[in-house]
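Chain by chain, the residues run as shown.
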There are 2 protein chains.
Amino acid sequence: MKPNDFPAANQSILFEDESWSNFGFFIKQSEVSSIFILVDSNTEVHCLPQLLGVLKAINQEAVVLKVEAGEKSKDLTVCSKLWSELTKHRADRHALLINLGGGMITDLGGFVASIYKRGIDFINIPTSLLGMIDASIGGKCGIDFQHYKNHLGVFKTALSTFIFPNFLSSLPEEELTSGFAEAIKHALIKDATYWKELKNSSKANWKAITIIKQSIQIKTDIVANDPLEKGDRKKLNFGHSLGHALESYFFEKEQPIPHGFAIASGMIMEAYISVKQLGLSQAAFEEILGFIQSHYPLYELSENAVNEIIKNLTQDKKNSGGELRFCLLNNIGIASVDIAVDLELIKESIAHYRQLT
Amino acid sequence: MKPNDFPAANQSILFEDESWSNFGFFIKQSEVSSIFILVDSNTEVHCLPQLLGVLKAINQEAVVLKVEAGEKSKDLTVCSKLWSELTKHRADRHALLINLGGGMITDLGGFVASIYKRGIDFINIPTSLLGMIDASIGGKCGIDFQHYKNHLGVFKTALSTFIFPNFLSSLPEEELTSGFAEAIKHALIKDATYWKELKNSSKANWKAITIIKQSIQIKTDIVANDPLEKGDRKKLNFGHSLGHALESYFFEKEQPIPHGFAIASGMIMEAYISVKQLGLSQAAFEEILGFIQSHYPLYELSENAVNEIIKNLTQDKKNSGGELRFCLLNNIGIASVDIAVDLELIKESIAHYRQLT
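On a predicted model such as this, the values are computed, not experimentally measured, just so you know. (Residues numbered from 1 in each chain as written. Chains lettered and ligands numbered in written order. Predicted model: local features only at pLDDT ≥ 70, side-chain atom pairs only at ≥ 80, totals over all residues. Heavy atoms only, no water.)

Asks: For this particular structure, what's the right way to read the packing of helix α7 (residues 173-190) of chain A against helix α8 (residues 192-200) of chain A?
Replies: Residues and elements named next belong to chain A. At a minimum axis separation of 6 Å, α7 and α8 run at an interaxial angle of 145°. From α7, Phe 180, Ala 183, Ile 184, His 186, Ala 187, Leu 188 and Lys 190 reach across to α8, where they touch Ala 192, Tyr 194, Trp 195 and Leu 198. Each residue belonging to the contact of α7 with α8 can be placed in one class, and the counts come to 9 nonpolar, 1 polar and 1 charged. (Axes fitted to C-alpha atoms, helices over the stretch in contact; angles between N-to-C directions. Helix = DSSP H or I, 4+ residues; strand = E, 2+ residues; numbered from the N terminus. Contact = heavy atoms within 4.5 Å. Nonpolar A, V, L, I, M, F, W, Y, C, P; charged D, E, K, R; others polar.)

Rendered as C-alpha cells:
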C-alpha cells in the first residue's frame with residue numbers, strides 16, 4: 001500500500017526554487033502513463049506557462065484541462081466534464097493529475113482524481129496563499145452541492161504538494177488577504193507567539209516564506225495526528241461553522257465573497273461565543289476583533305440573511321445528531337473542539353456581529 | 001482511525017439467522033444519528049418488509065430511499081438524487097446507510113455513502129448470490145460512466161456485511177446463475193478442489209451455505225492481502241476484461257445481459273488466451289468450456305460488435321500505458337496477473353468464441 005492510500009499520512013510537501021528542480025526531478029522519476037494539468041482561467045494565464053516550460057525541459061507531454069475560475073466550478077457538472085475529458089484522452093489508472101491553482105482547483109482536482117477509475121494520483125501546486133497554507137494539504141477534497149460547501153468529497157492525500165512562493169507575487173491583494181485569514185486561524189487555535197508575530201507583520205510580509213512555513217507546520221502537525229477529523233483536526237474548523245454558513249448564504253445569493261473574508265467574520269462570531277461559553281477573556285476577544293476588523297470587511301445582514309445562515313448552519317458536516325458543535329477558543333493559542341452550542345447563543349453572536357456593521 | 005478507513009482491512013462479515021439477531025444487536029449498539037435504507041423496486045417488495053420488521057422490534061426508525069432495479073441506476077444522476085434525499089432528511093456524518101439489494105445496490109450505495117460529507121458509514125445486506133459472494137465485500141464501490149462499467153468509484157469497506165442466505169429463495173433462476181459465475185471464477189483462480197465440487201453440484205445446491213462460505217473465504221483472503229489491487233487481487237478479474245467489454249457492449253445497445261453471463265463468456269475467451277499464452281492445457285480448457293457452456297448462453301457477435309468490444313477493452317481500468325493486461329490461468333486453480341496480451345490474440349479468442357455460437 002502506498003502512502004497515498006492513507007489519508008494525510010506521510011504528507012509530502014516540497015518547497016520549490018526558481019528552477020523548479022524538485023518538481024522536475026519528481027516527475028522524471030515517477031512512472032506515470034500520462035499527465036493532465038487542471039487550471040482555471042487565471043492560472044492558465046499566470047502560472048501554466050512556467051509549468052509547461054518545466055515539463056518541456058524534461059520532454060514530458062501533458063494535456064491541459066481548463067475550468068472557469070471561481071467557486072462555481074466546484075460542481076458535479078464540472079466534475080462530469082472533467083471525467084469525460086480524462087476518458088476521451090484514455091487516462092488509465094497510472095495517469096497523473098496536476099492541480100495548478102488555488103483552493104478551488106486543488107479541492108476539485110483532488111476529488112476528480114480520487115473518483116476516476118477508483119483513484120489516480122494527483123499533485124497539488126497551490127498558487128494562492130489560501131492554497132499553500134490550507135486547501136492543498138491535509139487530504140480534504142471535494143465539491144459543493146446545492147449551495148452547501150464541500151458537501152461531497154473524500155479524504156485523499158496528494159502524492160505531493162509543491163510550494164512555489166513566487167506565484168504569490170501575481171496574486172491580487174484581495175486573495176492574499178483572504179488566505180491570510182487561515183494563518184490568523186492557525187495562530188488563534190495553536191500558537192500565541194505566532195499570533196503576536198502576525199499582529200506585528202506588515203501586509204507586505206504576509207506572503208513571506210516564514211509565515212507560509214509556520215502555518216503549514218501547524219496544519220500538518222494537526223492533520224498527522226488526526227487525519228480523519230475525529231478529534232484534534234476539528235480545531236481547524238474554528239471560524240468555519242458560521243463562516244461557511246455566511247459564505248454559502250452569499251454564494252446562494254450570487255454575491256459570492258472570498259472564503260477568507262467569510263472566515264474572518266466567522267471567527268469574530270465564534271470568538272464571541274467563546275467568551276460566553278468557554279470563558280475566553282474579554283481582552284483577548286477585543287484583541288482578536290480589533291485585528292480582524294482592521295483588515296477585513298464586515299457584512300450587513302438582513303433578518304432574512306440571519307435565518308438563511310442559521311439554516312445553512314444546521315446542514316454543517318460538523319453537527320452530530322441535531323446538536324450544533326463548534327470549535328471554540330479557551331484563550332489565544334488554545335482551542336477546544338466538539339462544544340455543543342445553544343441556538344440562542346449563536347443568534348446572540350450574530351446579533352453582536354450585526355451591531356459592529 | 002476505525003477499521004472502515006482502511007480499505008478492506010478487518011472486513012466484517014456476519015452470517016444471519018432467521019431472527020436477524022446479529023443485525024439487531026449490531027444496530028442497537030451502534031451510535032448512529034439516523035438510518036437510511038437503499039432498496040430497488042425488487043428488494044422493496046421481497047426484502048424490505050423483513051428488515052423494517054427487525055428495526056421496528058428494536059424501535060429504530062429509518063428512511064427508505066428507492067431506485068429503479070437494474071444497472072441503469074448505477075449512474076451519476078441517480079447518485080445526485082440520493083445525495084439530495086440525504087441532504088433533505090438532514091443526514092449528518094453519523095448517519096448510516098443500509099444497502100439492501102444485489103450488486104447494483106451495494107456498488108451504488110457504497111459510493112453514495114463514501115462521498116456524502118466525505119463519507120458516512122454503510123452496511124451491506126446483499127440479497128443476491130452475486131452480492132453475497134462478490135459485490136458486497138472487498139470495498140469496491142462505484143458507478144458506471146458513459147457506458148463504462150464502474151468507471152467512477154472509491155475503495156471503501158462496508159462497516160459490516162450481513163449474509164442472510166434465505167433471501168436467495170426468492171431469487172429468479174437467471175440471477176442465481178449469474179451469481180454462480182463468480183463462484184466458478186473463484187474456483188478457477190484459486191482452488192481446484194472447489195472447482196470439482198462446483199462441477200458436481202446440482203443447480204439446487206448453488207445457493208447452499210457451503211458454496212457461499214467457500215467463495216467468500218477465497219475473496220476475503222485475496223482482498224485482505226491486497227486491498228487496493230496492486231497484485232494478487234487482480235486475480236479476481238479473471239474473465240472480467242473481455243466479460244466487462246461484452247457487458248458494456250450489450251448495455252450500450254440497450255439489450256443488457258446479466259453480469260455473470262457476460263463473465264461466463266469472458267472466462268471462455270480468457271481461458272482460450274490462457275492456452276495460447278500461458279500453456280493452460282487443452283484438456284483443462286475443454287473442461288472449463290464444457291461446464292460453462294452447459295449452464296450459460298453464448299452470444300452471437302456481429303463484426304461491429306467485435307469492434308465495439310475491442311474499443312471498450314482499451315478503456316479497461318486494468319490496462320497500463322496502452323498495454324492490455326489480463327489475469328490468465330496457468331492451470332485450473334492457479335492464475336497469473338498482469339499478463340500483457342497482444343491485440344491479435346485477443347481477436348483470435350473472440351473469433352474462436354464466435355465459432356461456438
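Asks: Would you take a moment to explain the packing of α8 of chain A against helix α12 (residues 282-295) of chain A for this structure?
Replies: For any two helices packed against each other, the geometry is given by the interaxial angle and the distance between the axes. Residue and element names in this part refer to chain A. Axis separation between α8 and α12 bottoms out at 11 Å; the angle between their running directions is 35°. The handedness of the crossing between α8 and α12 is left-handed. Contacts from Trp 195, Leu 198 and Lys 199 of α8 reach α12 at Glu 287, Ile 288 and Phe 291. Of the residues belonging to the contact of α8 with α12, the class tally is 4 nonpolar, no polar and 2 charged. (Left-handed = near helix turned anticlockwise from the far one by under 90°.)

Asks: What is the right way to read the sheet that holds strand β1 (residues 13-15) of chain A from this model?
Replies: Residue and element names in this part refer to chain A. With respect to topology, 6 strands assemble into an open sheet ordered β1-β8-β5-β4-β2-β3, the strand pairing being parallel. Looking at which strands have only one partner, the edges of the open sheet turn out to be β1 and β3 (63-67). Going across the sheet, the axis of each strand differs from the next one's by a mean of 20°, ignoring polarity. Here strand β5 (residues 121-126) pairs with strand β8 (residues 160-163) via 2 bridges, running parallel. Among the inter-strand pairings, Asn 124 is bridged to a residue of β8, identified as Thr 161. Against the sheet, helix α1 (residues 21-29) contacts β1, β2 (35-40), β4 (96-101), β5 and β8, and its axis sits at roughly 155° relative to β8. (Pairing = 2+ DSSP bridges.)

Asks: Can you help me understand the sheet that holds strand β4 (residues 96-101) of chain B in this one?
Replies: Pairing between the strands of a sheet is mediated by backbone hydrogen bonds and can be parallel or antiparallel. All names here are of chain B. Here 6 strands make up an open sheet; going across it, the order is β1-β8-β5-β4-β2-β3 and the pairing parallel. Edge strands, defined here as strands with exactly one partner in the open sheet, are β1 (13-15) and β3 (63-67). When the angles between neighbouring strand axes are averaged without regard to direction, this sheet yields 20°. Note that strand β2 (residues 35-40) and β4 share 4 bridges and pair parallel. In the strand pairing of β4, Ile 37 is matched with Ile 98. The sheet strands contacting helix α1 (residues 21-29) are β1, β2, β4, β5 (121-126) and β8 (160-163), and the helix crosses β8 at an angle near 155°. On the sheet, helix α4 (residues 76-88) packs against β2 and β3 and is oriented at approximately 165° with respect to β3.

Asks: Explain the relation of the copies chain A and chain B to me, please; I cannot follow it from the model alone.
Replies: Each copy of the chain is related to the other by a rotation around an axis and a translation along that axis. When chain A is fitted onto chain B, the two copies agree to an RMSD of 0.0 Å after a turn of 180° and an axial shift of 0.0 Å. Each copy turns onto its partner about a two-fold axis. With an isologous cut-off of 70% or more, the 100% of interface residues of chain A that recur at the interface of chain B puts this contact in the isologous class. (Least-squares fit on C-alpha atoms with pLDDT ≥ 70 in both.)

Asks: Can you help me understand the confidence of the model for chain A in this one?
Replies: As a general rule, the predicted coordinates of low-pLDDT regions are not to be interpreted in detail. Chain-level statistics for chain A give a pLDDT mean of 93 and a share of 96% at 70 or above. Scored below 50 in pLDDT, residues 1-9 of chain A makes 25 contacts in the model with residues more than four places away or belonging to other chains. (pLDDT = per-residue confidence, 0-100.)

Asks: What should I look at first to understand helix α8 (residues 192-200) of chain B in this one?
Replies: What sets the pattern is the α-helix's 3.6 residues per turn: residues three or four places apart point alike. All names here are of chain B. Looking only at α8, the buried set comprises Tyr 194, Trp 195 and Leu 198. The buried residues of α8 occupy an angular sector of 105° when the element is viewed end-on, so they sit on one face. Turned more than 90 degrees off the buried face of α8, the exposed positions are Thr 193, Lys 196 and Asn 200. In this structure, the buried residues of α8 make contact with α7 (173-190), α9 (209-225) and α12 (282-295). Between the side-chain oxygen at the start of α8 and the backbone nitrogen of Thr 193 there is a gap of 3.1 Å, and the oxygen is on Asp 191. (Buried < 20%, exposed > 50% of the residue type's maximum accessible area, 1.4 Å probe, protein only. Arc of directions from axis to C-beta. Polar contact = N/O pair within 3.5 Å; in protein donor to acceptor, adjacent residues only side chain to side chain.)

Asks: Explanation requested: the pattern of salt bridges in the structure shown.
Replies: Following the criterion strictly, the structure yields 43 salt bridges over all chains and no others. One salt bridge in this structure joins Arg 93 of chain A and Glu 229 of chain B, with 3.4 Å as the shortest N-O distance. Within this pair, whereas Arg 93 of chain A is found in the loop between α4 (76-88) and β4, its partner Glu 229 of chain B is found in the loop between α9 and α10 (240-252), the two belonging to separate chains. Note that Glu 182 of chain B is salt-bridged to Lys 185 of chain B, the shortest N-O span being 2.7 Å. With a gap of 3 residues between them, Glu 182 of chain B and Lys 185 of chain B both fall in helix α7, about one helical turn apart. As far as the burial class goes, Glu 182 of chain B and Lys 185 of chain B line up, both buried. Residues joined in a network through salt bridges with shared partners are Glu 71, Lys 74, Asp 107, Lys 149 and Glu 247 of chain A. (Salt bridge = Lys/Arg side-chain N within 4 Å of Asp/Glu carboxyl O.)

Asks: For this particular structure, what's the right way to read the interface of chain A and chain B?
Replies: Accessible area lost during the coming together of the parts is what is often quoted as the interface size. Taken together, the contact between chain A and chain B spans 44 residues of the former and 44 residues of the latter. Each partner contributes to the roughly 4,000 Å² buried at the junction of chain A and chain B, and carbon and sulfur atoms together form 57% of this total. Where chain A packs against chain B, one counts 2 salt bridges. Across the contact surface, chain A and chain B share 12 residue pairs in polar contact (both at pLDDT 80 or more). Those elements that provide at least two residues to the side of chain A that touches chain B are α4, α5 (103-115), β6 (140-145) and β7 (148-155) of chain A. Looking at which element gives the most residues to the side of chain A that touches chain B, the answer is β7 of chain A, with 7 residues. Class assignment of the residues belonging to the side of chain A that touches chain B gives a composition of 15 nonpolar, 17 polar and 12 charged. (Buried area = accessible area lost by both parts, 1.4 Å probe.)

Asks: Help me understand the packing of aromatic side chains in this model?
Replies: One pair of aromatic rings is described through two measures. These are the centre distance and the angle between the planes. Counted by the stated rule, this structure contains 30 aromatic pairs over all chains. Measuring from ring centre to ring centre gives 6.2 Å for Trp 83 of chain A and Phe 145 of chain B, while their planes differ by 80°; the resulting arrangement is edge-to-face. Taken together, the residues Trp 83 of chain A in helix α4 and Phe 145 of chain B in strand β6 (residues 140-145) connect one chain to another. Accessibility classification places Trp 83 of chain A together with Phe 145 of chain B in one group, the buried group. Measuring from centroid to centroid gives 3.7 Å for Phe 180 of chain B and Trp 206 of chain B, while their planes differ by 0°, and the two rings are stacked. With Phe 180 of chain B in helix α7 and Trp 206 of chain B in the loop between α8 and α9, this pair connects stretches of sequence that are 26 residues apart. You'll find Phe 180 of chain B and Trp 206 of chain B in the same group, each marked buried. The side chain of Lys 213 of chain A reaches across the aromatic face of Phe 15 of chain A, ending 4.6 Å from its centre. (Phe/Tyr/Trp six-rings, centres within 6.5 Å; stacked < 30°, edge-to-face > 60°. Lys NZ or Arg CZ within 6 Å of the ring centre and 35° of its normal.)

Asks: Help me understand empty space enclosed by the protein, please; the structure alone is not making it clear to me.
Replies: Residues and elements named next belong to chain A. The tally for this structure, following the rule as stated, stands at 3 cavities of 30 Å³ or more. Its boundaries defined by the atoms lining it, the second largest cavity holds a volume of some 60 Å³. Taken together, 13 residues make up the lining of the second largest cavity; nearest its centre are Phe 122, Asn 124, Ser 136, Gly 139 and Lys 156. When residues of the lining of the second largest cavity are traced back to their parent elements, those giving at least two are β5 and β6. For the lining of the second largest cavity, the class distribution of residues is 5 nonpolar, 6 polar and 2 charged. (1 Å grid on protein atoms, 1.4 Å probe; cavity = no way out; pocket = protein on both sides within 12 Å on 5 of 7 lines; lining within 4 Å. Points joined across faces, edges and corners; volume = space filled by probe spheres on them.)

Asks: Looking at this structure, I do not really get helix α5 (residues 103-115) of chain B. What am I missing?
Replies: Residues and elements named next belong to chain B. With 13 residues, α5 should cover 18 Å at 1.5 Å per step; its first-to-last C-alpha distance of 18 Å lies within 8% of that length. Across the 13 residues that make up α5, a large majority, 13, are buried. Trailing α5 by a residue or two, Lys 117 shows a phi angle of about 50°, which is positive. (Expected span 1.5 Å × (residues − 1).)

Asks: Explain the state of the cysteines here, please?
Replies: Two cysteines, two sulfur atoms, one covalent bond between them: this is a disulfide. Tallied over the full model, the rule gives 0 disulfides over all chains. Sulfur of Cys 79 of chain A: no disulfide; nearest cysteine sulfur belongs to Cys 141 of chain A and is 11 Å away. Looking at the unpaired Cys 47 of chain B, the closest cysteine sulfur is the one in Cys 141 of chain B, lying at 20 Å. Owing to a relative accessible area of 3%, Cys 47 of chain B belongs among the buried residues under this scheme. (Disulfide = S-S within 2.5 Å.)

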